[in-house]
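This is what each chain is made of:
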Amino acid sequence: MSNNDELAKEFVKVLVPTFDKMEFRASISDTSRSVEFFVWVNDEKLQCYELADTGKIDESQMEKMFDSFAEAIRKSDEYKSGEVNKIKFTC
């Protein structure tokens, strides 16, 4: 697992401390970001925005974490400026 993957996993663990499996996706450019994750809890697949809509996680905290993740990616050695950098992994 890469450093970026580990960082994403740590962010998600703050929001959802216990999950069986996680799928994480992000598209990050110089000026925008799109981030989402899915977690499996007790064999149920839950999407991050559904969790926020139902009050199971704090949406403003989630958005701040997504912003922090995007900034960390932009500062990483792997980041390619001027392109859409895509990150996707399951753990």
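### Examining the pattern of salt bridges
Argument step 1. Here the structure, examined in full by the defined rule, presents five salt bridges.
Argument step 2. Residue Asp 67 is joined to Arg 33 by a salt bridge in which the shortest nitrogen-to-oxygen separation is 2.9 Å. Residue Asp 67 is found in helix 3 (residues 59-75), and its partner Arg 33 is found in strand 2 (residues 33-41); the two are separated by 34 residues along the sequence.
Argument step 3. Taking the shortest distance from any N to any O, the salt bridge between Arg 74 and Glu 71 comes out at 2.7 Å. Of the two residues, Arg 74 and Glu 71 both sit in helix 3, three residues apart, roughly one turn of that helix.
Argument step 4. A relative accessible area of 38% means that Glu 71 is categorised as partly exposed.

### Points about the packing of aromatic side chains
Argument step 1. Summed over the entire model, instances satisfying the criterion amount to five aromatic pairs.
Argument step 2. Ring centres of Phe 11 and Phe 69 lie 6.3 Å apart, and the angle between their planes is 80°; on these two criteria the pair is classed as edge-to-face. Residue Phe 11 is found in helix 1 (residues 3-15), and its partner Phe 69 is found in helix 3; the two are separated by 58 residues along the sequence. There is no split in this pair, since Phe 11 and Phe 69 are both buried.
Argument step 3. Taken together, the aromatic side chains of Phe 11, Phe 24, Phe 69 and Phe 89 make up a single cluster linked through ring pairs.

Quick notes on the rules
- Residue indices begin from 1 for each chain and proceed along its sequence in written order.
- Residue-level local features of this predicted model are given only where pLDDT is at least 70; pairs of side-chain atoms are given and counted only at 80 or more, and the full residue set underlies all totals for whole chains, interfaces and linings.
- No hydrogens and no water enter the side-chain calculation; it runs on all heavy atoms of the structure.
- Any Lys or Arg side-chain nitrogen located within 4 Å of an Asp or Glu carboxyl oxygen qualifies as a salt bridge.
- Strands are runs of DSSP state E lasting at least 2 residues, helices are runs of H or I lasting at least 4, and numbering of each runs from the N terminus.
- The cut-offs for exposure are 20% and 50% of the maximum accessible area for each residue type, with area from a 1.4 Å probe on protein chains only; residues under the lower value are buried, those over the upper are exposed, and the others partly exposed.
- We call Phe, Tyr and Trp rings a pair once their centres come within 6.5 Å, taking the six-membered ring for Trp, and we label the pair stacked below 30 degrees between planes, edge-to-face above 60, and tilted otherwise.

Note that every value here comes from positions in space, so none of it alone points to a role or purpose.
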